[in-house]
Amino acid sequence: MLFVCSSHSISFSYILLIKTYSKHFKEDSSEANYLKSIHNEFTNIAVHCEEQLVISREEFTRLKTRIDSKSICFNNQQLYWHGSLRKQSLRKRNDITQIYLIVLSNFVLICEKSGQKFDVKRQISIESLVVESLEDRRTISNNIYYPFRMKFIEKTYEFLVEREVEREKWINKIQKAKENFHQQTLIPNRKKEKRPKNN
């Protein structure tokens, strides 16, 4: 598992480096096409590693016990990713708070730490969630952050991480959870469509 995590991080680092380097060449040039082929190879490696990064049952159970008020949210759920990051206010740009984000099969939980426990501040359905990267980087109080946005019907959140590879990982995990959610909801509908009619 350590090897997989290392390969995953290295692959993402090369992908981001190639993405930046490609900006110096014309889009249809031979150099750009060559870099694109390398980019695709590393993307395939990163995707393969991503599939191997499975959160253990023990880690899932430990996290569940730290949620006091809404541990029921974990019932029949798969844990895709979790971790600390910063949330920036859309109105007061200097208002930055530390939060803990938990990505499950059906929900994203926005939490705040309270001692060793997590207090769930918002439970967001994965179904209507939209996640997107923002500008390349954002400088706040001489610190460089990489922002991304999470939108749903009622509200928009902006999050900050310290490395671009972290931003890519969060976006990929949330998108993967959403894709799997929609795939799972399609299966029952297809079964209903194929069910024979009674004569």
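All values derive from a computational prediction rather than experimental measurement.

**A closer look at the overall build of the protein**
Reasoning step 1: Within the protein, the secondary structure is distributed over four helices and eight strands.
Reasoning step 2: Buried residues in the protein amount to 36% of all 199 residues.
Reasoning step 3: Once local pairs closer than 6 in sequence are excluded, the contacts in the protein between residues at least 24 apart make up 51%.
Reasoning step 4: For the protein, the accessible area works out to roughly 13000 Å², and carbon and sulfur atoms hold 49% of it.

**Considering the side chain of Glu-158**
Reasoning step 1: Turning to its location among the elements, Glu-158 is positioned in strand E8 (residues 156-161).
Reasoning step 2: Residue Glu-158 is classed as buried on the basis of its relative accessible area of 5%.
Reasoning step 3: Within polar-contact distance, the side chain of Glu-158 engages the side chain of Arg-138 at 2.9 Å.
Reasoning step 4: Apart from residues no more than four positions distant in its own chain, Glu-158 is found in contact with Arg-86, Lys-87, Gln-88, Leu-90, Arg-93, Leu-134, Arg-138, Phe-148 and Arg-149.

**Digging into the pattern of salt bridges**
Reasoning step 1: Taken as a whole and judged by the stated rule, the model has ten salt bridges.
Reasoning step 2: For Glu-135, the salt bridge identified is with Arg-138, shortest N-O distance 2.7 Å.
Reasoning step 3: Under the relative-accessibility criterion, Glu-135 is labelled partly exposed at 35%.
Reasoning step 4: With relative accessibility at 12%, the residue Arg-138 sits in the buried group.
Reasoning step 5: Ionic contacts of the salt-bridge type, sharing partners, join the residues Glu-132, Glu-135, Arg-138, Arg-149, Lys-151 and Glu-158 into one network.

**Thoughts on the packing of aromatic side chains**
The geometry of an aromatic ring pair comes down to the distance between the two centres and the angle between the two planes.
Reasoning step 1: According to the stated counting rule, one finds four aromatic pairs in the structure shown.
Reasoning step 2: Summarising the aromatic geometry, the rings of Phe-148 and Phe-159 are spaced 5.5 Å apart at their centres and angled 45° between planes, so their arrangement reads as tilted. Here Phe-148 is found in strand E7 (residues 143-151), whereas its partner Phe-159 is found in strand E8, with eleven residues between them in sequence. One exposure class covers both Phe-148 and Phe-159, and it is buried.
Reasoning step 3: A ring pair is formed by Phe-152 and Tyr-157, whose centres lie 6.4 Å apart and whose planes are at 5°; its orientation type is stacked. Taken individually, Phe-152 and Tyr-157 each receive the classification buried, so the pair is uniform in this respect.

**Focus on the confidence of the model for the protein**
Reasoning step 1: Scored by pLDDT, the protein has a mean of 80; 78% of the residues are at 70 or more.
Reasoning step 2: Per-residue pLDDT stays below 50 along residues 1-6; that stretch engages in seven contacts with residues further than four places along the chain or on separate chains.

What counts and how
Residues numbered from 1 in each chain as written. Predicted model: local features only at pLDDT ≥ 70, side-chain atom pairs only at ≥ 80, totals over all residues. Heavy atoms only, no water. Helix = DSSP H or I, 4+ residues; strand = E, 2+ residues; numbered from the N terminus. Buried < 20%, exposed > 50% of the residue type's maximum accessible area, 1.4 Å probe, protein only. Contact = heavy atoms within 4.5 Å. Areas by Shrake-Rupley, 256 points an atom, 1.4 Å probe, with all protein chains shown as cover. Polar contact = N/O pair within 3.5 Å; in protein donor to acceptor, adjacent residues only side chain to side chain. Salt bridge = Lys/Arg side-chain N within 4 Å of Asp/Glu carboxyl O. Phe/Tyr/Trp six-rings, centres within 6.5 Å; stacked < 30°, edge-to-face > 60°. pLDDT = per-residue confidence, 0-100.

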